[in-house]
Amino acid sequence: MTLKRYIILLLGSGLLLLVAIQWWLTYQAAEAMSLRLQTRLAEEVSSQVNDKVRQFFDVPRQVVSLNVAQVRQGVIDPRDPEALVRNFLLQLEQQPLLTFLSTGTPEGEYFAASRPPLGEDRSLRILQASIANHRVMSLYRVDERNRPGQLIDAGNDNYDARLRPWFVTAQMMGRMSWYPVYRYAINDPADDYSAMGLGMSAPLYGADDQFVGVITADVSIVQLSRWLAEVMERSGGVAFITEPDGKLLANSTPDPVYFLSRDETRRISLWESDSPLLRELGELLERQADPEQGRILHQIGNERYLVDWVSYSLRDGPTLRIVQAIPQSQFMAPMLDLLRQLLLVAAGILLLGMILITLISIWVTRPLVALSRWASRLGRGDWTYRPDIRTPVQEVSRLSQALGQMAHHMERQTQDLERLVATRTRELEQANQELSRLSRTDALTGLANRRSLDEVLAREWGRTRRFAQPLSLLMLDIDWFKAYNDQHGHPAGDHCMQVLADVLRQHTQRATDLAARYGGEEFAVVCSGLDHARALGLAEEIRGMLEQRALPHESSPLGVITVSIGVATLNMGDTRSPGQLIEAADLALYRAKASGRNRVVSVENTHVAH
Ligand SMILES: Nc1nc2c(ncn2[C@@H]2O[C@H](COP(=O)(O)OP(=O)(O)OP(=O)(O)O)[C@@H](O)[C@H]2O)c(=O)[nH]1
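Keep in mind that what you see is a predicted model, and the values were worked out from it rather than measured. (Residues numbered from 1 in each chain as written. Predicted model: local features only at pLDDT ≥ 70, side-chain atom pairs only at ≥ 80, totals over all residues. Heavy atoms only, no water.)

Novice: Sorry, what's going on with the site of the ligand here?
Specialist: Near the ligand, the surroundings consist of 16 residues, among which F481, N485, D494, M497 and R597 are the closest. K482 is positioned such that a nitrogen or oxygen atom in its backbone is 2.8 Å from an oxygen atom of the ligand. A distance of 2.9 Å is found between a nitrogen atom of the ligand and a backbone nitrogen or oxygen belonging to H490. Burial of the ligand by the surrounding chains reaches 70%, relative to a free accessible area of 660 Å². For the shell around the ligand, the secondary-structure elements that each account for two or more residues are β16 (471-478), α9 (481-488) and α10 (490-506). In terms of residues, the shell around the ligand owes the most to one element, α10, which gives four residues. Of the residues contributing to the shell around the ligand, the split by class is four nonpolar, four polar and eight charged. (Near = heavy atom within 4 Å. Polar contact = N/O pair within 3.5 Å; in protein donor to acceptor, adjacent residues only side chain to side chain. Areas by Shrake-Rupley, 256 points an atom, 1.4 Å probe, with all protein chains shown as cover. Helix = DSSP H or I, 4+ residues; strand = E, 2+ residues; numbered from the N terminus. Nonpolar A, V, L, I, M, F, W, Y, C, P; charged D, E, K, R; others polar.)

Have a look at this one:
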């Protein structure tokens, strides 16, 4: 793999890893933050709900306490229903959560001021069922003087307050206490009272400690549900309140908490709710070890909820459980949006990073690639290549300079080496030539040696046969040479041979002639292209010349050094070999010796001359 790819791969992977780690950390932080936000909101909502519930259920207590005290002090008197109701109306105006403020007399009469819990028209009403009116429950609008105005409805004959749950409870307990949730028994054509109420009632005693009736302050649980829905709308979650037996008291969802018809009123338990979410939460709460208070994260369907519950005991009444469940998606959604944006930014950074890395890799590797190309050309011996490598990177620049210097040195050294090799080769060639010459030369006489003679004879033999020319061979031997040596000494004998060699050199000037020392004091002359007669002539000239030199030789009959010569010639068509030619010349020499020496003899045609 190329360096460029390595850089891109390594830096790219590193960048990818960094971006991935960064994104993962951000995701973790976002998730933790969303959980914190969710928890904080849950706490806030929980405290709001708790405050509101406390406030809600405090209303009947405060109002009943106040009225009990007022009756006790004679400020109001249930025996003056008109004044009592006007007082009730004032209190209702002050307290918007209040649905009913009523009193029941020991005779079972009923006088109340009310705000209808349902419907558009929430103006105050007066209700009364008096003996004078035959205990008919009558519902009036309130006129401008806070008296019964327009009669809305009259029904529910023979109404007896003493039978109502609030009256019964107050009498039974003998003190202010909560009564169970009950259905309003108002015949209202607009159905604005088709709801359930919950409140406190207390027996009333006048200043003389005489029982004068029962007072009740009532809140409608519809209001509570409505208010829970308002609070939870913001969080996207649900909240509900149950009684200890699991019956729903209030619910932020539109699912009903009770079933009402004209004949039947049925409370709905949490696990009977139409809402699967509420049912699931009911089961979850059932499983909890601490039903009083707790908070857990719980998966319901595709959603993760933070479920928070707390118990709230009504003083002198039941313990209520306030539950809320807030979905995590509510908080995760903006976080996920943020993360998506972060992902886009990360992708952008990654892209830019990769472009930058690619540019850096090109910038870093370009001079290195040039250097590598240069080095491989140097490796092939191309010294002339000098690329222009410019880089601000010091190391690469130094490497380039070093490579340049190295190339320069190597070029010089190679040239020196080549020169040296050429010189040495020349010297070697000369030495070889000299060696070759020496290997073919006789050291004493400077003539060709026997080896050279054999080669030349073989070559000339071939040539003369190809060109149909004659080839003559002269064999020479110094006469009485042993005696000469014995008499004059060996150095003188050597000198004698050198003189003969000199004579032979003078008579073998043609390029095709060769004079050689054949061995000992014996010599030979190869004459290519020389016929027999001319060979004989040449032999005679040589013999005569040596004689003329007149080297004194006392043991010779002539008193000087002489030579005997045998001549043999190969003519056209002669099939004898070079060896046979030598034998023939040798034979002629033998005969020259035998016939008296200092003469030239031929075997073909015995010719003697001296
Ligand atoms: N000085 C000297 N003498 C040599 C050399 N080579 C051979 N001789 C001598 O040459 C002589 C040859 O003698 P022989 O072959 O017996 O014959 P010769 O005395 O020449 O008599 P003929 O050839 O019959 O006339 C010997 O005494 C050798 O020692 C040499 O290189 N230098």
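So, next bit.
Novice: What is the right way to read the environment of S311 from this model?
Specialist: The residue S311 is located in strand β14 (residues 303-313) in this model. In the structure, S311 is positioned 69 residues away from T242 in sequence and 9.5 Å away in space, judged by C-alpha atoms. Discounting chain neighbours no more than four positions away, the residues touching S311 are P291, E292, T319, L320 and R321. (Contact = heavy atoms within 4.5 Å.)

Novice: Please clarify how the sheet that holds strand β5 (residues 148-155) should be interpreted in this entry.
Specialist: Paired through their backbone hydrogen bonds, the strands of a sheet run either parallel or antiparallel. On the basis of which strands lie adjacent, the open sheet formed by eight strands has the order β5-β4-β3-β2-β1-β8-β7-β6 and antiparallel pairing. A strand with exactly one partner marks an edge of an open sheet, and here the two such strands are β5 and β6 (177-183). Going from strand to strand, the sheet's axes swing by 20° on average, the running direction of each strand aside. Two elements, strand β1 (residues 100-104) and strand β2 (residues 110-114), share five bridges in a ladder whose sense is antiparallel. In the strand pairing of β2, T103 is matched with F111. Running at roughly 20° to strand β7 (residues 196-205), helix α1 (residues 3-72) makes contact with β1, β6, β7 and β8 (211-220) of the sheet. (Pairing = 2+ DSSP bridges. Axes fitted to C-alpha atoms, helices over the stretch in contact; angles between N-to-C directions.)

Novice: Would you mind going over the packing of aromatic side chains with me for this structure?
Specialist: The geometry of an aromatic ring pair is captured by the separation of the ring centres together with the interplanar angle, meaning the angle of the planes. A complete count under the given rule lists 13 aromatic pairs for this structure. Their ring planes at 50° and their centres at 4.8 Å tell us that F100 and Y184 sit as a pair that is tilted. Placement of F100 in strand β1 and of Y184 in the loop between β6 and β7 is noted, with a sequence separation of 84 residues between them. With respect to class, F100 is no different from Y184; both count as buried. Between the aromatic rings of Y179 and Y182, the centroid separation amounts to 5.5 Å while the plane-to-plane angle is 70°, which identifies the pairing as edge-to-face. Each member of the pair, Y179 as well as Y182, carries the same accessibility label: buried. Taken together, the aromatic side chains of Y110, Y159, W166, F167, Y205 and F211 make up a single cluster linked through ring pairs. Cation over ring: R377 sits above Y385, and NZ or CZ is 3.9 Å from the ring centre. Its end group placed over the ring of W480, R597 keeps NZ or CZ at 3.7 Å from the ring centre. (Phe/Tyr/Trp six-rings, centres within 6.5 Å; stacked < 30°, edge-to-face > 60°. Buried < 20%, exposed > 50% of the residue type's maximum accessible area, 1.4 Å probe, protein only. Lys NZ or Arg CZ within 6 Å of the ring centre and 35° of its normal.)

Novice: Help me understand empty space enclosed by the protein, please; the structure alone is not making it clear to me.
Specialist: To locate leftover empty space, one rolls a probe as large as a water molecule over the atoms. The tally for this structure, following the rule as stated, stands at one cavity of 30 Å³ or more. Estimates place the volume of the largest cavity at around 90 Å³. Along its surface, the largest cavity is lined by 14 residues, and Y110, Y159, W166, Y182 and I186 are the ones closest to its centre. Secondary-structure elements contributing two or more residues to the lining of the largest cavity are β1, β6 and β8. Within the lining of the largest cavity, the residues separate by chemical class into 10 nonpolar, two polar and two charged. (1 Å grid on protein atoms, 1.4 Å probe; cavity = no way out; pocket = protein on both sides within 12 Å on 5 of 7 lines; lining within 4 Å. Points joined across faces, edges and corners; volume = space filled by probe spheres on them.)

Novice: I would appreciate a short explanation of the pairing of strand β10 (residues 248-251) in the present structure.
Specialist: As a general feature of sheets, a regular strand has side chains that alternate between the two faces. Strand direction decides the pairing type here: strand β9 (residues 238-242) and β10, joined by three bridges, are antiparallel. Across the sheet, residue F240 finds its bridge partner in β10, namely N251. Two successive antiparallel strands, β9 and β10, enclose a turn made up of five residues, where G246 displays a positive phi of approximately 90°.

Novice: Would you explain a nonpolar patch on the surface in this entry?
Specialist: Where nonpolar side chains cluster on the molecular surface, the patch consists of M1, L3, Y6, L9 and L10 and spans about 530 Å² of accessible area. Inspection of the secondary structure assignment puts M1 in the segment before α1. (Patch = residues over 30% accessible without salt bridge, like charges linked within 9 Å, V, L, I, M, F, W, Y side chains within 5 Å. Salt bridge = Lys/Arg side-chain N within 4 Å of Asp/Glu carboxyl O.)

Novice: Could you clarify how one ought to interpret the packing of α10 against helix α11 (residues 532-549) in this entry?
Specialist: A pair of packed helices is characterised by two quantities: the angle between their axes and the separation of those axes. For the pair α10 and α11, interaxial distance at closest approach is 10 Å and the crossing angle is 135°. Put simply, α10 runs oblique to α11. Relative to α11, the crossing made by α10 is right-handed. Contacts between α10 and α11 involve V499, L500, D502, V503, L504 and Q506 from the first element and I542, M545, L546 and R549 from the second. Counted by class, the contact of α10 with α11 contains seven nonpolar, one polar and two charged residues. (Parallel < 35°, antiparallel > 145°, perpendicular 65-115°, else oblique. Left-handed = near helix turned anticlockwise from the far one by under 90°.)

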